[in-house]
Amino acid sequence: MTNRILKRLEAVTDKQAAITLFISAFILRLLYALYIFIHQAFDENNAYIIIAKYIIEQGTLFYDINSTYLNAAGPVLPWLNALTLVVFQNNYIGVYIVTALGSSLITFYTYKTARLFLDKMTSFFIGAWSLFYFSYFHFAPTPGKDIWMAFFMIYLIYMFIKLFVYNKFNYLSYLIFILMYVISFHLDERYLIFGPFIF
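Residues numbered from 1 in each chain as written. Predicted model: local features only at pLDDT ≥ 70, side-chain atom pairs only at ≥ 80, totals over all residues. Heavy atoms only, no water.

Draft legend 1. Summary view of the packing of helix H3 (residues 47-58) against helix H5 (residues 76-87). Axis separation between H3 and H5 bottoms out at 8 Å; the angle between their running directions is 65°. The interaxial crossing formed by H3 with H5 has right-handed handedness. Of the residues in H5, those touching H3 at Tyr48, Ile49, Ile51, Ala52, Ile55 and Ile56 are Leu77, Pro78, Trp79, Asn81, Ala82, Leu85 and Val86. When the residues that make up the contact of H3 with H5 are grouped by side-chain class, the tally is 12 nonpolar, one polar and no charged. (Axes fitted to C-alpha atoms, helices over the stretch in contact; angles between N-to-C directions. Helix = DSSP H or I, 4+ residues; strand = E, 2+ residues; numbered from the N terminus. Left-handed = near helix turned anticlockwise from the far one by under 90°. Contact = heavy atoms within 4.5 Å. Nonpolar A, V, L, I, M, F, W, Y, C, P; charged D, E, K, R; others polar.)

Draft legend 2. Seen up close, the nonpolar core. Within the largest apolar cluster, 51 residues are counted, with the highest numbers of intra-cluster contacts made by Ile51, Tyr109, Phe151, Tyr155, Leu156 and Leu187. When residues of this core are traced back to their parent elements, those giving at least two are helix H2 (14-39), H3, H5, helix H6 (93-115), helix H7 (120-131), helix H9 (146-165) and helix H10 (171-187). (Core = buried A, V, L, I, M, F, W, Y, C linked by side-chain atoms within 4.5 Å. Buried < 20%, exposed > 50% of the residue type's maximum accessible area, 1.4 Å probe, protein only.)

Draft legend 3. How the structure looks around the pattern of salt bridges. By the definition in use, this model includes one salt bridge. Between Asp14 and Arg115 there is a salt bridge, with the nearest N and O atoms lying 2.7 Å from each other. Of this pair, Asp14 sits in helix H2 while Arg115 sits in helix H6; the two residues are 101 residues apart in sequence, bridging distant segments of the chain. For Asp14, a relative accessible area of 33% translates into the label partly exposed. Taking the relative accessible area as the measure of exposure, Arg115 reaches 29% and is therefore partly exposed. (Salt bridge = Lys/Arg side-chain N within 4 Å of Asp/Glu carboxyl O.)

Draft legend 4. A look at a nonpolar patch on the surface. Among the surface-exposed residues, Ile19, Ile23, Ile27, Leu31 and Leu34 lie close enough to one another that they form a single nonpolar patch of about 410 Å² accessible area. Overall, Leu34 belongs to the partly exposed group, its relative accessible area being 32%. (Patch = residues over 30% accessible without salt bridge, like charges linked within 9 Å, V, L, I, M, F, W, Y side chains within 5 Å. Areas by Shrake-Rupley, 256 points an atom, 1.4 Å probe, with all protein chains shown as cover.)

Draft legend 5. Region of interest: the packing of H9 against H10. Interhelical geometry of H9 versus H10 gives an angle of 150° and a closest axis separation of 10 Å. Here H9 lies roughly antiparallel to H10, going by the angle between them. Where H9 crosses over H10, the two elements pack in a sense that is left-handed. Here H9 contributes Trp148, Met149, Phe151, Phe152, Tyr155, Leu156, Met159, Phe160, Leu163 and Phe164 to the contact with H10, which in turn contributes Ser173, Tyr174, Ile176, Phe177, Met180, Tyr181, Ile183, Ser184 and Leu187. The residue makeup of the contact of H9 with H10, split by class, is 17 nonpolar, two polar and no charged. (Parallel < 35°, antiparallel > 145°, perpendicular 65-115°, else oblique.)

Draft legend 6. A look at the side chain of Thr142. Residue placement: Thr142 occurs in the loop between helix H8 (134-138) and H9. The residues contacting Thr142, other than those within four sequence positions of it, are Val95, Tyr96 and Thr99.

Draft legend 7. Spatial organisation of H3. Between the first and last C-alpha of H3 there are 16 Å, a value that for 12 residues agrees with the 16 Å anticipated at 1.5 Å per step. Of all the positions in H3, only Ala47, Tyr48, Ile49, Ile51, Ala52 and Ile55 are classed as buried. Sitting at the amino-terminal end of H3 is Asn46, which places a side-chain oxygen 2.8 Å from the backbone nitrogen of Tyr48. Positioned one or two residues after H3, Gly59 has a phi angle of 65°, which is positive. (Expected span 1.5 Å × (residues − 1). Polar contact = N/O pair within 3.5 Å; in protein donor to acceptor, adjacent residues only side chain to side chain.)

Draft legend 8. Here's a closer look at the packing of aromatic side chains. Across all of its chains, the model carries 23 aromatic pairs by this definition. Ring geometry for Phe164 versus Phe169: centroids 6.5 Å apart, planes at 45°, classification tilted. Judged by its relative accessible area of 30%, Phe164 falls in the partly exposed class. Between Phe169 and Tyr174, the ring centres sit 5.4 Å apart and the planes meet at 45°, which makes this aromatic pair tilted. (Phe/Tyr/Trp six-rings, centres within 6.5 Å; stacked < 30°, edge-to-face > 60°.)

Draft legend 9. Examining unusual backbone geometry more closely. For Gln89, which is not glycine, the phi dihedral falls at a positive 55°. Turning to its location among the elements, Gln89 is positioned in the loop between H5 and H6. The phi dihedral of Asn167 is positive, around 55°, even though this residue is not glycine. Looking at the element boundaries, Asn167 is found in the loop between H9 and H10.

Now the structure itself:
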């Protein structure tokens, strides 16, 4: 039976393997997020939710908050949470769905990054490890930045290796890399570490 599974894995394309891992991760983490949504109260005192509500109330991306604590948060996640709350009509389940999606992208790019160095089978098992990694489940039903920090890290590493190590350079990918870097920097200033590779 094990040999049959291994042969089946060998038969799938890289694209199929990556998409399978992504969809599996999204379904599992969304189910967990729904479970938490039903059985636990949503943390409305989370800074990123408070700021998101200010954005909606003020009707502008360039919000004004008289709080040193809240102003310390980067604007990207409050913008994302505000947009999510508008789309889902202030239903917090939307925040969990979007975070579960971001969590699934981590698994997708974990496989893609491993595939730059390793064979398909080994990369698939690395992706499967990411699929069942506890922390990605734990932080899926949250409005905070933990999942998005992990996503931008693996995405920027993947793009950096692809563009500059393997020399698969093209201007569109480079522009996307720059855009994602700018977004990540507005999520957390520690992404400044990637700055030297942009210029």
